[in-house]
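Structural overview for review
Listed below, chain by chain, are the residues.
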Amino acid sequence: MDFALSEEQEMFRGYLRKYLDDAGQTKLAREYSKGKTNELKATLQGLSELGATGINIPEVYGGLELGTLDLVPVFEEMGRALLPGCYLETMGFAVPLIKKYGTKAQKEKYLPEIAAGTRSITLGVIEPKRDFSPYGIQCFAGKEGDDLVLTGTKTLVPDGDLADTYLLLVRTDEGDGQTGLSFVFVDHQDGAQLQLQKCIDESKHLVELSFDEIKIPNERLLGEEGQGWTILEDGLLYLNAALSSMMVGGMEKVVDMATEYAKIREQFGQPIGRFQAIKHRIVDMKLELETARSLSYYANWALESEEQEREATIYSARSFATNAFIEVASHNIQIHGGIGFSEEIDCHLFLKRARYYESYLGSVNYYNEQIASGLGW
Amino acid sequence: MDFALSEEQEMFRGYLRKYLDDAGQTKLAREYSKGKTNELKATLQGLSELGATGINIPEVYGGLELGTLDLVPVFEEMGRALLPGCYLETMGFAVPLIKKYGTKAQKEKYLPEIAAGTRSITLGVIEPKRDFSPYGIQCFAGKEGDDLVLTGTKTLVPDGDLADTYLLLVRTDEGDGQTGLSFVFVDHQDGAQLQLQKCIDESKHLVELSFDEIKIPNERLLGEEGQGWTILEDGLLYLNAALSSMMVGGMEKVVDMATEYAKIREQFGQPIGRFQAIKHRIVDMKLELETARSLSYYANWALESEEQEREATIYSARSFATNAFIEVASHNIQIHGGIGFSEEIDCHLFLKRARYYESYLGSVNYYNEQIASGLGW
Amino acid sequence: MDFTITKNEEAFRLELRSWLEENLPPGWLDGNKELPKEKEAYSQFLRDWQRKLYEGGWAAIAWPKEYGGRDATLMEEIIYHQEMVRIDAPPLINYIGIHMVGPTLIQSGTEEQKEKHIQKILTGEEVWCQGYSEPNAGSDLAAIQTNAVKEGDKWIINGQKVWTSFGQFADKCFLLARTSYDREKKHRGITAFLLDMHQPGVETKPIIQMDGKQEFNEVYLTDAIASDADIVGEVDKGWRVMIALMLHERTGIGAELFTLEKRFNDLVEMAKEHEVNGQPLLKDSFIRQKMAGLYARVRGSLLNYYRNLTITLKQGHPGAESSIDKLVVSELTKEMAAFAMSIQGHQGVLWKEDALIDTRWQENFLASFGQTIGGGTSEVQRNTIGERLLGLPKDLGR
Amino acid sequence: MDFTITKNEEAFRLELRSWLEENLPPGWLDGNKELPKEKEAYSQFLRDWQRKLYEGGWAAIAWPKEYGGRDATLMEEIIYHQEMVRIDAPPLINYIGIHMVGPTLIQSGTEEQKEKHIQKILTGEEVWCQGYSEPNAGSDLAAIQTNAVKEGDKWIINGQKVWTSFGQFADKCFLLARTSYDREKKHRGITAFLLDMHQPGVETKPIIQMDGKQEFNEVYLTDAIASDADIVGEVDKGWRVMIALMLHERTGIGAELFTLEKRFNDLVEMAKEHEVNGQPLLKDSFIRQKMAGLYARVRGSLLNYYRNLTITLKQGHPGAESSIDKLVVSELTKEMAAFAMSIQGHQGVLWKEDALIDTRWQENFLASFGQTIGGGTSEVQRNTIGERLLGLPKDLGR
């Protein structure tokens, strides 16, 4: 029994923390929200040099060929810094799917560049004013000889302005059910129209991607045609384990902020952390954090195990962390009082990120239902 | 605008409080739980002499012919004392229904005795292992000449051992839907078999009533035959307004207990009420109490008004007070610490009563749904 | 118990309503409720509105007639708030002047102070702010350090105030400053000044909020000057003046409650209209349950308010119950706003012109975090209720 | 991260499991788990079970071999608890002797004390209780007033203890009494005695709980007698001995967590089998949602425990994290028990032999209120976590 990250993993976390400290932590997110990306891009490249983008990529494609658990420190530290970019979607969704479903050509095209940090992949699933369900997918990819002709719109594509490739769920067959959906790769150069969308979380850039009869070759299909929803469900296991870690990183920072502030802020001649209304609330935040962390560690471990309750395990982590992140981020503002309501202090950035993730590719109710059905209830 | 009980109503409350103080408050409930009813019966008779059983009964039948609001102090004070008996069912259900649906003969038979305190009526709706729904009613009353022949079993009949009459919802027609149900009066002497049931709330006596081809005359039908479910729904408006007040009375006592204990119990050289963990929790209990009280006052007022949202108003009071009562009763135990877990102190009596009422003739979810449909949602 | 409205009250409502219909800014009733973005234009727009209210006799209804008010009853004040919320009237830029400073001066100002300020408060010529909180004096307001020192016939004031609403527009500030120091009783030694904001020693700097708005200010006082004539009450007795001033705002929380009620009704409409998976949100059983619970609580909080109002009417002054209203309305607003966010699903993170339905839900959500902090945090309210209403012992150290 | 069980650990589990199958009281495995109702018979039944455990070498696995234990590893202790919970084994009447007093004496008792007690603790001849809490010393344990005065070569002890579990059966009591008084540091001046319960000066009286059970006692001490030889550690230094004693119970919370997990699984079964309106409870979307949330939290609390155990394994001793486990398991047990009540609807108020499904849900519900109080209230746990784990300042006055 050893329920902890390994010493190497903790050491790697140390490097990352130091590196992101030097880069100014949330400063990058704040600059990104103003549209400045120079420092961010340099930092992302630096992280890549530290190995962050090669962890789950086979050596033959230039990666480190490590396990999913080795990604945990990176997700946590990125979550802590609210680091912009689509690392989550690239390493936590695209890479495992490419490894599992990709053709040799696709692997050769994408994996080495991802490992090198020169390509990132984001995810286009949701469509304007449509729900997250098979029926919501109406983007159509019709066949024309060896090509697919793509028409439609994807919305809320995360950090689509930084991504080089979009992994899109589209309809390749008539109908509106679960069948007939497929994943395709569309590269930035293919000519999609990008439109930035305003997001309540300013340090998250969302993009609407429009396709007006864009031609892409047939071999851009990921996995079998018509299996898109199944592939998505598979990918969501990876994505949600990763996302839980990212949220845990954010929560950890939030609990640290609240704790430190409660030690130094004085009112009535006392550090406010002496008042049980504050102290006990921070303790409850800490419990939420530690429970989310235990669940997320286990979820990431379960990804590569044959854990019977694999789905329920991973979706518990997602569901619990989602609510917990919102909760602790909200309390953190209250504990900071007036200054917590100001733009100047980071409190609100974490709240907004927590809300951003709340229903990302599925609401809490959706994932709770997945837990239930995953357990055969 | 005058959102308060009148001075007369408050004065009446004063009498009742004093009277029940003298009777030992919860002492009667504790004795009832051991099967002793002498003092209880004397106290109930005394309350009747104070006018409690005549409030909503017309003068012509020996009552005081007052409004439903005048019942509020009685329900609250009885709730505060956890007073056993079926006053709630008699005054908060049977009386308004008899006034509205009863024949002249029924009024003449029942109302004067109720007013005099010599007859109480309880309610039999639920059947063993069946749900609270029209489909759950399988007790059958078949016609035989001028008689009805009753067969079946009612369970969880509140304080059925004290009641003189049972108002039963039975099936008078084949089928299992909402139609074909009727209310009938069955008197104690008619020969039902009584079996006491154990209840988690020891100071509440529940009874299983079995009918094996019991004959009662046709005129025992309350209201139109086949209209039983509709009459029940009408009666539930009265019952739930009354029940809210009863729960408010209990909550008030609970909040008083917690407040007083927090002032006198010392730990770490301080009254525990100085610690915010305790102080703020009691404040939250107080908020629950006051909100429940506002809602219950308004619900009882709405009974006789033409308030547009009458149903939603009454069921809000019921639904809110139900949860709130459980909540404050639970906190009260925790605030009392070890002694709160002992049988000796009253804390647990209120918790058990709160749980007893939780799903009484409908769960919180059921009443929330009634609010929603009542508002045309 | 009597919820009926008297004929006079009903007439009052109708009079106000028809006046509003005729006098609201052009297009307002048709839904064009945009306020100017630019600060000067914004200020001018609201000052014009204030002036119009004044001219119609609706600026300060609770004031005595002799000072330009209507001697409105508590119920008329309530009706006033209800109507203003109903029509979503423009905000009152001189809220602090009308609801707090004016009544205080009328009650305990000198004749000179009355003559100098009262009329201008009414017309909106003098917009007021309050100078209370400081960086190290938030919940612990008595800890203020801004000090006023007498030099000749002037008071020289130095220090810093924060969270000053309307500070960016204000002509005058009702300022608390320390004029002496009592180690044991920090609230002694505080004096209330009527400070002119248009002087070199006063500088305001907006605070950017987490919702992007700038409704509050830092106010830097560097040798700012006031005179003896600007003191309300006595030197060193300002704490009492401030408490009296706050009690004058006897119905302010009503406006917040009516706003909560209105938002709840809007939320119901939103949940009826917006569909997920081809079904209106309000048909989803979770949402129904949660909304039914919110209905009960919104209704309950309004009823609490009416009940507390009844107490105020009977005893002639508000009690600690107002802390209950403040605590409940702010916490409930926050919870409801969060719920309104959640039910919009992932598309609900879209913002401003890209918003899925209406950006106000997002705006309310962010703004709601200020409500449980400003005007006394929820923690302070709980202490007040616990200690004043329930008689529980005070915190150690307080 | 490594969740695998070693071969040795697996062998340990199988050895214990097969021993249990052969040695559990007759009929136990077939579901006849009723314990005798009458006190003497109850006590005898459990003492017999304790003796059987001893004879099988399973009484005190964590003790050193030389004292009759197995030198069990932490993981083996965990497995032990898992198996005992799995099979719902009879309770350990000498829990306090085995898990607390024994290890303490082994570590810091005198040779005489070891010789006198160790073997009898193992066999169950000496059943132990603890004498800590008093009517005025609950959360504030250091406030105990029971005092011990030296007279000749005897200590004369007077006072009252409450909430003494096993007190009604116990032969011995690990008792804290005041031997001197330090105004500033109340926890100084406390001494730990090994007290004989079978003497005229000791009287026990059961406390009736809100669930009708009598698991705790008041213990009245009237000139009770102990000798110098009965003191553990030094005079006036008993506080430290007690802390060390509590740390010996290093895996006790594990048993509670495994019980929580088992109850959750039972709840799932109940919700699958019990129908409302012709549909199993578990098909109701509210219940599914709520149960999924409980699944996550039960799972999370177990995983927390394993993570804390990993810390204990690495640093060699348990830390303040154990307060997290205690707080979470007790609060979650309470919430789950309340939920199990709610979903049974109105028929769920039926009790004992009239119960709708199984009276244990009702029993758990009532008993759960003791869990957030006994062994340190949730409020005390929160203080411990806040102060020891997060470094937040201590409460004033504590």
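Note that this is a predicted model, so its numbers are computed, not measured.

Here the focus is the interface of chain A and chain C. The interface of chain A with chain C comprises 43 residues on the first partner and 48 residues on the second. Of the roughly 3700 Å² buried where chain A meets chain C, counting both sides, 60% is carbon and sulfur surface. Its largest share of buried area at the contact with chain C, chain A owes to A:K198, A:F268 and A:F341, together 23% of the area lost on that side. Counting across the chain A and chain C interface gives two salt bridges. On the surface where chain A and chain C come into contact, there are 23 residue pairs in polar contact (both at pLDDT 80 or more). Breaking the side of chain A that touches chain C down by element, the ones donating at least two residues are strand 3 (147-158), strand 6 (193-197), helix 8 (276-303), helix 9 (310-336) and helix 10 (347-358) of chain A. The leading source of residues in the side of chain A that touches chain C is helix 10 of chain A, at six residues.

Size of an interface, as often reported, equals the accessible area lost when the parts are brought together. All names here are of chain A. The domain architecture assigned to chain A consists of domain 1 (7-120), domain 2 (123-227) and domain 3 (229-374). Each of domain 1 and domain 2 has a C-alpha centre, and the two are 23 Å apart. Each partner contributes to the roughly 1800 Å² buried at the junction of domain 1 and domain 2, and carbon and sulfur atoms together form 60% of this total. The interface formed by domain 1 and domain 2 contains two salt bridges. Notably, a salt bridge pairs K109 with D187, separated by 2.6 Å at the nearest N-O pair. The interface formed by domain 1 and domain 2 contains eleven residue pairs in polar contact (both at pLDDT 80 or more). If you list the elements that add at least two residues to the side of domain 1 that touches domain 2, you get helix 2 (27-33), helix 3 (38-49), helix 5 (87-101) and helix 6 (104-116). Grouping the constituent residues of the side of domain 1 that touches domain 2 by class yields eleven nonpolar, eight polar and four charged.

A few words on the packing of aromatic side chains. The final tally for this structure, using the stated rule, is 59 aromatic pairs over all chains. Aromatic rings pair up to connect A:F3, A:Y297, A:Y298, A:W301 and D:F3 into one cluster. Between C:R307 and the ring centre of B:Y297, over which it is positioned, the NZ or CZ distance is 5.7 Å. Over the face of the ring belonging to D:W58 we find D:R70, whose NZ or CZ atom lies 3.6 Å from the ring centre.

Here the focus is unusual backbone geometry. Both trends apply: most residues other than glycine have a negative phi, and most peptide bonds are in trans. Even without being a glycine, A:L361 presents a positive backbone phi close to 50°. Its location among the elements puts A:L361 in the loop between helix 10 and helix 11 (364-374). By relative accessible area, which is 3% here, A:L361 ends up buried. Even without glycine at this site, B:L156 takes up a positive phi of about 55°. Following the sequence through the fold, B:L156 ends up in strand 3 (residues 147-158).

What follows deals with the side chain of A:H336. Note on placement: A:H336 falls in helix 9. Sequence-distant contacts of A:H336, that is, excluding residues within four places in its chain, are made with A:M257, A:A258, A:Y261, A:I345 and A:C347.

All names here are of chain C. Here chain C is described as being made up of domain 1 (7-93), domain 2 (128-236) and domain 3 (251-389). The distance between the C-alpha centroids of domain 1 and domain 3 comes to 24 Å. Taken residue by residue, the interface counts nine residues in domain 1 and eleven residues in domain 3. With both chains or domains summed, domain 1 and domain 3 bury close to 880 Å², and 77% of this area falls on carbon and sulfur atoms.

Turning our attention to the side chain of B:N240. Within the secondary structure, B:N240 sits in helix 7 (residues 228-264). A polar contact is formed between the side chain of B:N240 and the side chain of B:R318, at a distance of 2.7 Å.

All names here are of chain A. Contact geometry for helix 8 and helix 9: axes closest at 8 Å, N-to-C directions at 155°. In terms of their interaxial angle, helix 8 and helix 9 are classed as roughly antiparallel. As helix 8 runs across helix 9, the sense of the crossing is left-handed.

Turning our eyes to something else, we now look at the pairing of strand 3 of chain B. All names here are of chain B. Among the twelve residues of strand 3, nine are classified as buried, and the element is accordingly described as predominantly covered. As judged from the five bridges shared by strand 2 (residues 140-144) and strand 3, these two strands associate in the antiparallel manner. Among the inter-strand pairings, G142 is bridged to a residue of strand 3, identified as V149. In sequence, strand 2 turns back onto strand 3 through a hairpin of two residues, with G145 there showing a positive phi of about 65°.

In this section: the nonpolar core. Judged by nonpolar contacts, the single largest core of 169 residues is most densely connected at B:L361, C:L267 and C:M291. If one sorts the elements of this core by residue count, helix 7 of chain B sits on top with 20 residues. Every residue in contact with C:L267, bar those within four places of it in the chain, is listed here: C:M291, C:L294, C:M336, C:F339, C:A340, C:I343 and C:W361. Counting 167 residues, the second largest nonpolar core, distinct from the first, contains A:L71, A:F183, A:Y238 and D:A271.

What follows is about a nonpolar patch on the surface. A cluster of nonpolar residues, A:M11, A:Y15 and A:L50, forms a patch on the protein surface that exposes about 300 Å² of accessible area. Its location among the elements puts A:Y15 in helix 1 (residues 7-22).

In this section: the interface of chain D and chain A. Taken residue by residue, the interface counts 45 residues in chain D and 44 residues in chain A. Carbon and sulfur atoms make up 64% of the area that chain D and chain A hide from each other, which totals about 4200 Å². The partner of A:D2 in a salt bridge is D:K314, with the nearest N and O atoms 3.4 Å apart. Run the count over chain D and chain A and you get 25 residue pairs in polar contact (both at pLDDT 80 or more).

Parameters and conventions
Residues numbered from 1 in each chain as written. Chains lettered and ligands numbered in written order. Predicted model: local features only at pLDDT ≥ 70, side-chain atom pairs only at ≥ 80, totals over all residues. Heavy atoms only, no water. Contact = heavy atoms within 4.5 Å. Buried area = accessible area lost by both parts, 1.4 Å probe. Salt bridge = Lys/Arg side-chain N within 4 Å of Asp/Glu carboxyl O. Polar contact = N/O pair within 3.5 Å; in protein donor to acceptor, adjacent residues only side chain to side chain. Helix = DSSP H or I, 4+ residues; strand = E, 2+ residues; numbered from the N terminus. Domains from an automatic or database assignment. Nonpolar A, V, L, I, M, F, W, Y, C, P; charged D, E, K, R; others polar. Phe/Tyr/Trp six-rings, centres within 6.5 Å; stacked < 30°, edge-to-face > 60°. Lys NZ or Arg CZ within 6 Å of the ring centre and 35° of its normal. Buried < 20%, exposed > 50% of the residue type's maximum accessible area, 1.4 Å probe, protein only. Axes fitted to C-alpha atoms, helices over the stretch in contact; angles between N-to-C directions. Parallel < 35°, antiparallel > 145°, perpendicular 65-115°, else oblique. Left-handed = near helix turned anticlockwise from the far one by under 90°. Pairing = 2+ DSSP bridges. Core = buried A, V, L, I, M, F, W, Y, C linked by side-chain atoms within 4.5 Å. Patch = residues over 30% accessible without salt bridge, like charges linked within 9 Å, V, L, I, M, F, W, Y side chains within 5 Å. Areas by Shrake-Rupley, 256 points an atom, 1.4 Å probe, with all protein chains shown as cover.

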